[in-house]
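Coordinate inspection notes
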Amino acid sequence: GARGDFYKTLALDCSKAQIAIDMHLFAGANQFADVATLGTLPRITGGELHHWSALADGARDVRAVRAAVLRKAMRETGWEAVMRVRCSKGVSVDAYHGHFFVRSHDLLALPAADADKAYAVQLQVDDLKHARTASVQAALLYTNTRGERRIRVLTVCAPVVSTLGPLFQHADCDAVVNLTAKMAVAKALQSRLADAREALVNKCIDVLAVYRRGFAAASTPATQLVLPDSLKLLPLCTLGLIKNAIFRAGGDVDADRRAALMAVLRTAPTHVTRRFVHPRMWPLAELAALPAA
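Residues numbered from 1 in each chain as written. Predicted model: local features only at pLDDT ≥ 70, side-chain atom pairs only at ≥ 80, totals over all residues. Heavy atoms only, no water.

**Observations regarding the overall build of the protein**
Assigned secondary structure in the protein consists of eleven helices and nine strands. A principal-axis box enclosing the C-alpha atoms of the protein has dimensions of 60 × 50 × 45 Å. Within the protein, buried positions represent 38% of all 293 residues. Carbon and sulfur atoms make up 57% of the accessible area of the protein, which amounts to about 17600 Å² in all. (Helix = DSSP H or I, 4+ residues; strand = E, 2+ residues; numbered from the N terminus. Buried < 20%, exposed > 50% of the residue type's maximum accessible area, 1.4 Å probe, protein only. Areas by Shrake-Rupley, 256 points an atom, 1.4 Å probe, with all protein chains shown as cover.)

Following this line, the structure appears as structure tokens:
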């Protein structure tokens, strides 16, 4: 609507002026803050969104807010940044995920790029039949806190293989989960949450089906799950994503909380995604031996 257009225009103007917007939204219990609309500002300007809802424990909540603000002030940050991703012949960029504005098809405008954010790039393989290697390069041009203009270049050159064995052997489960989660967020925003859940399940099934067809023994029962060692946790993480507050069905998650969590997941590095979808567990028997706080 008109309100959403206003915030989008404001965000684009801020991005042009190299202004990044970090938002701390405070709301009482059952109070609607319209996070989905206001979140346009940090999403386009490379900022960050925090949604503090129904703060009840004064001392604990003050510590949490204080820690978040101090982290913003003290973390390493690059200013007035632009990032470009280049690929060798036969590979192209299909989509970007994160908080930024796409100034052109391969140039991302980042008024602020800090140490806590990750940017995901979805690649498409066009034709590598005669290639021996495939290269991807990301270049980040930014100004550091001392006012020095710097460029950071990351280059990956991977061998092209004719079989899927090495691909499954060296697959990074955390990276796979991180990218599929960001793709699911984009799917949910473009269509429905049900479509995003279905896409997550289908991605997991497709990966395991390809592995089973190529590597399962002929005597393997049809009901037995066959997994590569590198992706043994993929079904568990997919289930964790589906049950996460972002994607799960039902009315127990309000719109503000869901939108705020989507903003977190869009910029989350792999180690944050792991904690986001997989529960952290501690043996209770060992806690009794620890000294009291």
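**Some words on the pattern of salt bridges**
Using the criterion set out here, one finds 17 salt bridges in the structure. R84 is the partner of D106 in a salt bridge, and the nearest nitrogen-oxygen pair spans 3.1 Å. Taken together, the positions of D106 in the loop between β5 (101-104) and β6 (107-114) and R84 in strand β3 (residues 77-87) put the pair 22 residues apart, joining distant regions of the chain. Look at D106 and you get buried, because its relative accessible area is 17%. Between E148 and R146 there is a salt bridge, with the nearest N and O atoms lying 3.6 Å from each other. (Salt bridge = Lys/Arg side-chain N within 4 Å of Asp/Glu carboxyl O.)

**Notes on the layout of surface pockets**
In this approach, a probe sized like a water molecule rolls over the atoms, and the result shows the empty space that is left. Approximately 710 Å³ is the volume attributed to the second largest pocket. E48, L49, H50, V264 and V272 are, among the 24 residues lining the second largest pocket, the residues nearest its centre. Contributing elements (two or more residues each) for the lining of the second largest pocket: β2 (49-53), α4 (58-74), α9 (255-266) and α10 (270-277). (1 Å grid on protein atoms, 1.4 Å probe; cavity = no way out; pocket = protein on both sides within 12 Å on 5 of 7 lines; lining within 4 Å. Points joined across faces, edges and corners; volume = space filled by probe spheres on them.)

**Points about the side chain of D34**
Locating D34 in the fold gives a position in the loop between β1 (23-27) and α2 (35-38). With a relative accessible area of 11%, D34 lands in the buried category. The residues contacting D34, other than those within four sequence positions of it, are R3 and D256. (Contact = heavy atoms within 4.5 Å.)

**Observations concerning a nonpolar patch on the surface**
Together, L141, I151 and V153 make up a nonpolar patch on the protein surface, roughly 250 Å² of accessible area in all. As for its placement among the helices and strands, I151 is situated in strand β9 (residues 149-159). I151 sits in the exposed class, given a relative accessible area of 56%. (Patch = residues over 30% accessible without salt bridge, like charges linked within 9 Å, V, L, I, M, F, W, Y side chains within 5 Å.)

**Points about the sheet that holds β5**
Read from one edge of the open sheet, five strands run β5-β6-β3-β8-β9, paired in antiparallel fashion. Edge positions in the sheet fall to β5 and β9, since each has one partner strand and no second. This sheet shows a mean twist of 25 degrees between the axes of neighbouring strands, independent of strand direction. The pairing of strand β8 (residues 133-143) with β9 spans eleven bridges and is antiparallel. From the neighbouring strand, S135 faces β9, where its bridge partner is C157. (Pairing = 2+ DSSP bridges. Axes fitted to C-alpha atoms, helices over the stretch in contact; angles between N-to-C directions.)

**Points about α4**
Taking 1.5 Å as the rise per residue, α4 with 17 residues should run 24 Å; its terminal C-alpha atoms sit 24 Å apart, in good agreement. Those residues of α4 that are buried are in contact with β1 and β2. (Expected span 1.5 Å × (residues − 1).)

**Some points on the packing of aromatic side chains**
According to the stated counting rule, one finds seven aromatic pairs in the structure shown. Geometrically, the ring pair formed by F6 and Y7 is edge-to-face, given 5.2 Å between the ring centres and 75 degrees between the ring planes. Classification of Y7 by relative accessible area gives buried; the value is 15%. By way of ring pairs, the aromatic residues Y96, F100 and Y119 are connected into one cluster. (Phe/Tyr/Trp six-rings, centres within 6.5 Å; stacked < 30°, edge-to-face > 60°.)

**Description of unusual backbone geometry**
Located in the positive-phi region is Q18, a residue other than glycine, with phi close to 60 degrees. Within the secondary structure layout, Q18 lies in the loop between α1 (2-16) and β1. We classify Q18 as partly exposed; its relative accessible area is 29%. The backbone of E80 shows a phi angle near 50 degrees, a positive value even though the residue is not glycine. Its place among the elements puts E80 in strand β3. The class of E80 is partly exposed, set by a relative accessible area of 40%.

**Observations regarding the pairing of β6**
Of all eight residues in β6, eight are buried, a share of seventy percent or more. Note that β3 and β6 share seven bridges and pair antiparallel. Following the sheet pairing, R84 is matched in β6 by L107. Linking β5 back to β6 in an antiparallel pair, the connection comprises two residues.

**Here's the deal with the environment of L164**
Among the secondary structure elements, L164 is positioned in the loop between β9 and α5 (165-169). Note on L164: relative accessible area 39%, which makes it partly exposed. Linking L164 and G214, residues 50 residues apart in sequence, is a C-alpha distance of 8.0 Å.

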